[in-house]
Amino acid sequence: MDKKEIINNTITFVKEILKGAEGGHDFFHVERVYKNSLLIAKNEKVDEFVVALGALLHDIADSKFYDGDESVGPKKARSFLEDNKVSNDIIIHVENIITNISFKGGNFRQRFKSAELDVIQDADRLDAIGAIGIARCFNYGGFKNREIYNPNILPNLSMSKEEYKKSKAPTINHFYEKLLLLKDKMNTKTGRKIAQERHDFMEVFLKQFFTEWA
């Protein structure tokens, strides 16, 4: 089976597995991350096959929808990739990408690094900021029935990984606890350039939000 066929099979697999997913973590999210990963990869020395597989499979079982279990995604990815006769070294690399890609609170330290993870992580973080990031943020907040904003509940910038995962804070707090922090966590030059523009847009949005709230 050639690489193009495997990638096409992966797209079909991910579309099927994410049917009915929450709107911010559906196949359209994966597709945007996939396209931005390929865009960023053009300026980086990476294995584009690993980038493609990692981007497409990075969110097939987001732990927040599986009671915090971070092992589901890597297991599903391994099973699929083995069925498609992908080599074990690539499977291990993709598993590590899935395990380490997510932001897990300001105090979390990533244990695995690769140029391919850097690219996909930037693409995933870009989808969390800017206009689409704002839309995804409020969509998830509504999905979890969270308050939009509560001036009596301040953002917590010192959460542990477990506290971050269990947080039920108002949606606006998420901008300060994660989204506004992502610009300075980008790995690549291309990622940083795009992130700055999207970051600036979020700041304009928040200024308008608080003006209207007042």
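Calculation notes
Residues numbered from 1 in each chain as written. Predicted model: local features only at pLDDT ≥ 70, side-chain atom pairs only at ≥ 80, totals over all residues. Heavy atoms only, no water. Buried < 20%, exposed > 50% of the residue type's maximum accessible area, 1.4 Å probe, protein only. Axes fitted to C-alpha atoms, helices over the stretch in contact; angles between N-to-C directions. Helix = DSSP H or I, 4+ residues; strand = E, 2+ residues; numbered from the N terminus. Parallel < 35°, antiparallel > 145°, perpendicular 65-115°, else oblique. Left-handed = near helix turned anticlockwise from the far one by under 90°. Contact = heavy atoms within 4.5 Å. Phe/Tyr/Trp six-rings, centres within 6.5 Å; stacked < 30°, edge-to-face > 60°. Expected span 1.5 Å × (residues − 1).

Trainee: Give a description of unusual backbone geometry that names residues and reports values.
Mentor: The phi dihedral of Lys85 falls on the positive side, at around 60°, and the residue is not glycine. The exposed category is assigned to Lys85, whose relative accessible area is 70%. Of note, the phi angle at Asn145 is positive, near 60°, even though the residue is not glycine.

Trainee: How would you explain the packing of helix α5 (residues 88–100) against helix α6 (residues 115–126) if you had to name every residue and give the values?
Mentor: In the contact formed by α5 and α6, the axes pass within 10 Å of each other and the chain directions differ by 40°. In this view, α5 runs oblique relative to α6, as classed from their interaxial angle. In this structure, α5 crosses over α6, and the sense of that crossing is right-handed. Across the interface between the two elements, His93, Ile97 and Asn100 from α5 touch Glu116, Leu117, Ile120 and Gln121 from α6.

Trainee: So what's going on with the packing of aromatic side chains? Residues and values would help.
Mentor: A ring pair, where both rings are aromatic, is described by two values, the distance of the centres and the angle of the planes. Inspection of the entire model under this criterion finds eleven aromatic pairs. Where Phe13 meets Phe80, the ring centres are 4.3 Å apart and the plane angle is 10°; that geometry is what we call stacked. A residue pair is termed long-range when its members are at least 10 positions apart, and Phe13 in helix α1 (residues 3–17) and Phe80 in helix α4 (residues 72–83) qualify at 67 residues. Residue class for Phe80 comes out buried when judged on its relative accessible area of 9%. On the basis of an interplanar angle of 25° and a centroid distance of 5.8 Å, the ring pair of Phe209 and Trp213 is categorised as stacked. With a gap of four residues between them, Phe209 and Trp213 both fall in helix α10 (residues 189–213), about one helical turn apart. Put simply, the rings of Phe138, Tyr149, Phe175, Phe205, Phe209, Phe210 and Trp213 pair up and form one aromatic cluster.

Trainee: Can you break down α10 residue by residue, with the values?
Mentor: Helix length check: α10, at 25 residues, gives a terminal C-alpha distance of 36 Å against a target of 36 Å (1.5 Å per residue), a fit within 8%. Among all positions of α10, only Thr190, Gly191, Ala195, His199, Met202, Leu206 and Phe209 are buried. Buried residues along α10 sit in contact with α2 (27–41), α6, α7 (130–143) and α9 (171–177).

Trainee: Before we move on, could you go through α4 and cite the residues and values that matter?
Mentor: The terminal C-alpha atoms of α4, which comprises twelve residues, lie 17 Å apart, in line with the 16 Å expected from a rise of 1.5 Å per residue. Turning to α4, its buried residues are Val72, Gly73, Pro74, Ala77, Phe80 and Leu81. Tucked into the core, α4 has its buried residues touching α1, α3 (48–57) and α5. Two residues or fewer past α4, Lys85 is found with a positive phi of approximately 60°.

It is worth stressing that arrangement in space is one thing and function is another; only the former is reported here.
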